[in-house]
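# A structural walkthrough
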Amino acid sequence: MIKVEKLTNYVKKINYQHLRKKIFGNVTTDGLVFKIFVYLLLIGISYVFVYPFIRMILLSFMSQKDVLDNEVYWIPSKFTLESLRRACEVLGLPRNFKEWFNFKKVFKSSLMNSIKISTLYGLIQTLVAALTGFAFARFKFKLKNFWFAMVIFSFIVPLPVVMVPRIMMFETIQMKVKVLGTIYPQLFLTLFGQGVNNAILILIFYNFFKMIPHSLDEAARIDGANSLQVFWHIFIRMSLSIIVTVFLFAFVWNWNESYMTSTFLRYKIPLLPMNLSIFDSTFSNLYGGSNSAEQIRINESYKMAGTLITMLPLIILYIFAQRQFIEGIERTGITGE
Amino acid sequence: MNNNKKKQIIKAIKSNLGGYLFLAPWLIGFLVFTGIPFLYTFYLSFTNVNQTALGWQIKWNNFENYIDIFFKNTQFLPSLLEFIIMQVLYVPVILVISFILAVLLNQDIKGRAILRTIFFLPVIILSGSVMQQFISSGAANFASINSIFIFHIVSNYSRFFAQIIEVLFVNFTIVLWFTGIPIILFINALQKIDHQLYEATQIDGASWWQILWKITIPMVKSTALVVTIYTIVNLGLYNIRPRQSNITAIYDLIKNALGVTSNGLGYASAYAVLYTIVVFILVGFALLVLRNRDKVKVVESLQERQQKKLAWIQKRNKKKLMKGVNKND
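Residues numbered from 1 in each chain as written. Chains lettered and ligands numbered in written order. Predicted model: local features only at pLDDT ≥ 70, side-chain atom pairs only at ≥ 80, totals over all residues.

### Some words on the overall build of chain A
For chain A, the count of helices and strands is 19 helices and 0 strands. Relative to the compact-globule value of 20 Å for 337 residues, chain A shows a C-alpha radius of gyration of 28 Å, a clear excess of over 25%. Overall, the C-alpha framework of chain A stretches about 105 × 65 × 40 Å when taken along its three principal axes. By sequence separation, contacts in chain A at least 24 residues apart represent 70% of the contacts at least 6 residues apart. (Helix = DSSP H or I, 4+ residues; strand = E, 2+ residues; numbered from the N terminus. Rg over C-alpha atoms; globule rule 2.2 N^0.38 Å. Contact = placed C-beta atoms within 7 Å.)

### Some points on the domain arrangement of chain B
Residue and element names in this part refer to chain B. Domains assigned within chain B are domain 1 (2–64) and domain 2 (74–290). Residue-level contacts link 8 residues of domain 1 with 8 residues of domain 2. Elements with a minimum of two residues in the side of domain 1 that touches domain 2: α1 (2–44) and β1 (47–51). The greatest single-element share of the side of domain 1 that touches domain 2, amounting to 4 residues, is contributed by β1. Taken together, the residues that form the side of domain 1 that touches domain 2 break down as 3 nonpolar, 5 polar and no charged. (Domains from an automatic or database assignment. Nonpolar A, V, L, I, M, F, W, Y, C, P; charged D, E, K, R; others polar.)

### Some details on the pairing of strand β2 (residues 56–60) of chain B
All names here are of chain B. β2 sits mainly on the outside: 0 of its 5 residues count as buried. The sheet contact formed by β1 and β2 spans 5 bridges and is antiparallel. What sits directly across from Q51, in β2, is W56. Hairpin remark: β1 followed by β2, antiparallel, with 4 residues in the connecting loop; positive phi at G55, about 150°. (Buried ≥ 20, exposed ≤ 12 C-beta atoms within 10 Å, placed from the backbone. Pairing = 2+ DSSP bridges.)

### Brief notes about the interface of chain A and chain B
At the junction of the two partners, chain A supplies 71 residues and chain B supplies 76 residues. Elements with a contribution of two residues or more to the side of chain A that touches chain B: α3 (32–61), α8 (110–138), α9 (144–156), α10 (159–174), α11 (184–191), α15 (240–256), α17 (272–277) and α19 (293–330) of chain A. Of all the elements, α19 of chain A adds the most residues to the side of chain A that touches chain B, at 14 residues. Taken together, the residues of the side of chain A that touches chain B break down into 46 nonpolar, 17 polar and 8 charged.

### Some thoughts on the domain arrangement of chain A
All names here are of chain A. You can read the domains of chain A as domain 1 (15–98) and domain 2 (103–330). One C-alpha centre belongs to domain 1, the other to domain 2; they are set 31 Å apart. The interface is formed by 19 residues belonging to domain 1 together with 24 residues belonging to domain 2. Looking at the side of domain 1 that touches domain 2, the elements with two or more residues in it are α3, α4 (64–68) and α5 (82–90). Residue contributions to the side of domain 1 that touches domain 2 peak at 7 residues, all from α5.

### As for the nonpolar core
L201, F205 and V246 of chain A together with F186, I254 and Y271 of chain B are the most contacted members of the largest nonpolar core, which totals 142 residues. If one sorts the elements of this core by residue count, helix α14 (residues 264–290) of chain B sits on top with 12 residues. Apart from the residues lying within four places of it in its own chain, the contact partners of V246 of chain A are T126, A129, L201, I204, F205 and G328 of chain A. (Core = buried A, V, L, I, M, F, W, Y, C linked by C-beta atoms within 7 Å.)

### As for the packing of helix α3 (residues 76–105) of chain B against helix α12 (residues 221–237) of chain B
Residue and element names in this part refer to chain B. Where α3 contacts α12, the two axes come as close as 10 Å, and the packing angle between them is 135°. With respect to α12, the axis of α3 lies oblique. Crossing handedness for the pair α3 and α12: right-handed. From α3, M86, Q87, Y90, V91, I94, L95 and S98 reach across to α12, where they touch A224, V227, T228, T231, I232 and L235. Split by residue class, the contact of α3 with α12 holds 9 nonpolar, 4 polar and no charged. (Axes fitted to C-alpha atoms, helices over the stretch in contact; angles between N-to-C directions. Parallel < 35°, antiparallel > 145°, perpendicular 65-115°, else oblique. Left-handed = near helix turned anticlockwise from the far one by under 90°.)

### Let's talk about the packing of α3 of chain B against α14 of chain B
Residue and element names in this part refer to chain B. One can describe the packing of α3 onto α14 by two numbers: an axis separation of 11 Å at closest approach and a directional angle of 20°. Compared by their axis directions, α3 and α14 come out roughly parallel. With respect to the hand of their crossing, α3 and α14 are arranged in right-handed fashion. On α14, the residues touching F76, L80, I84 and Q87 of α3 are Y271, L274, V278 and L282. Here the residues of the contact of α3 with α14 are counted per class, giving 7 nonpolar, 1 polar and no charged.

### Notes on unusual backbone geometry
The phi angle of most residues is negative, glycine excepted, and most peptide bonds adopt the trans form. Phi is positive for N197 of chain A, close to 50°, though the residue is something other than glycine. Mapped onto the secondary structure, N197 of chain A falls in the loop between α11 and α12 (198–211). Given 21 C-beta atoms within a 10 Å radius, N197 of chain A is considered buried. Positioned with a positive phi, N62 of chain B is a non-glycine residue whose angle comes to about 50°.

The structure is reproduced here in structure tokens:
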């Protein structure tokens, strides 16, 4: 009896208003219910985001037996490197740990090809984008607005519509000099500012250069510097961080590019993402294909291992440079204007 | 005075010269590789293009390519339709989801940095071939929609809505992956909104919901436009099939046509032209919906109106006076 009385007393003592405020909040947004809802939503969505990646990583460490076993879905019963090894072979990479230390072989592999070509294109793209951004940010010239609109136009226009004349152009050159199947077509395109997503890179530079105070380059000009010197000694020196960001983006986009690469390079130089896109045919050439349901499921785990390997360099890059990537997009400045 | 003018002209010439000098690489590239080819493709789409030992043989054939595409070819129209369905369904979804996520991430939340990192990750690692592997291996199939009870109810009620839901959920993960850059852009736009605006409305007693609709959404409208255009362009680059059918994706269709020897290029350019027109219509539609409608009318105060009236009367009187003077002459 006494206990119940105590309890009712206790219940009476609770400040309901206070409790209600804590749960539902003064304004909807600072209540506990709302917070929990937000967290659940965010966690749920990020789970959907990363679900395929987690599945990919775990699948590529599973043994064949685990892949076929319906009871094993997430955690493999035994971690093996078998699928990764096979995928390495299909993608044109060294198979064993020993071969990974054979630098001559690694240097000729598709991984190194991809790194080399993406770096080359990335550097050129960065330079050209910087020049273009500088022109738009600091000079007044006729048709400036028109050309600026054209930068945006070149982003919107779909690639296929400019592809036919480009192919005809290079095919015509092909009759005299061999260019298709080499890196030169894309090299020309990037050199003249028509690389992957070049418009975005120009916008990043343009917005950054606009923020540099005019007094700086005026002072340099009074001291007798010409435009090129102003560009090099002031603008490039001051924007090293943004240059790194732009280069990283250009690198990643060139790495991931497949449309132009497949039309112009034509699989003549093995690249990692290109090898991934022809994974199936290479695989059946190497190991022979059988179409049983079991084999298809096992092949899926190989494919996932191959995808993981292709992504791995970019993931490593992202881990170290995520701040630059995110800030780079923030600095395009296309949000404000 | 004269000297000054000369100096100004010299300065203008120098500025023009400098500007075009720095612009030159991009400008040449744009004209040679993008601008002129763009127009040239329109011309090519009305021709028969064949490769011979001597070079390219281009023959005008009126509208034959287009007639073939619309009345004989069975491949193009379905895949174009598929493309339009994909854009119309996915773009609004991406827009809304990325806006909601940006609003949520813009609050004081623990683990914001990690969440932002996760949401941005697909931007870095997604490529055509990676996407293709994910789709073909089924790893991106988050949940089989047919096993959800509500779906059956909807399906019994209306086949059409069921199809739409199916289209959305079959590739739901992949649709989410396109929100990476939009989220960052939206967060950036949200942070630029003046805090005083929020405070002022809160003092006036606006609820969270009202603030969202009356302040936040109008303020990020220009960003929404950028995001929409970016998404339209970006979605086109990937070969996502909204329905699990064997319709060739339009990008592949054009690419396959490039490889055909007899008049492949003529067809390819006609395909590409139609595809481009559709993309431009979509972008134009986005511009139409999300443009800034400035409805600011200048409301004249009473004083101003009176002054105007007064000025008008004075002017009239002056004219009358002048007329009178003329008559007297």
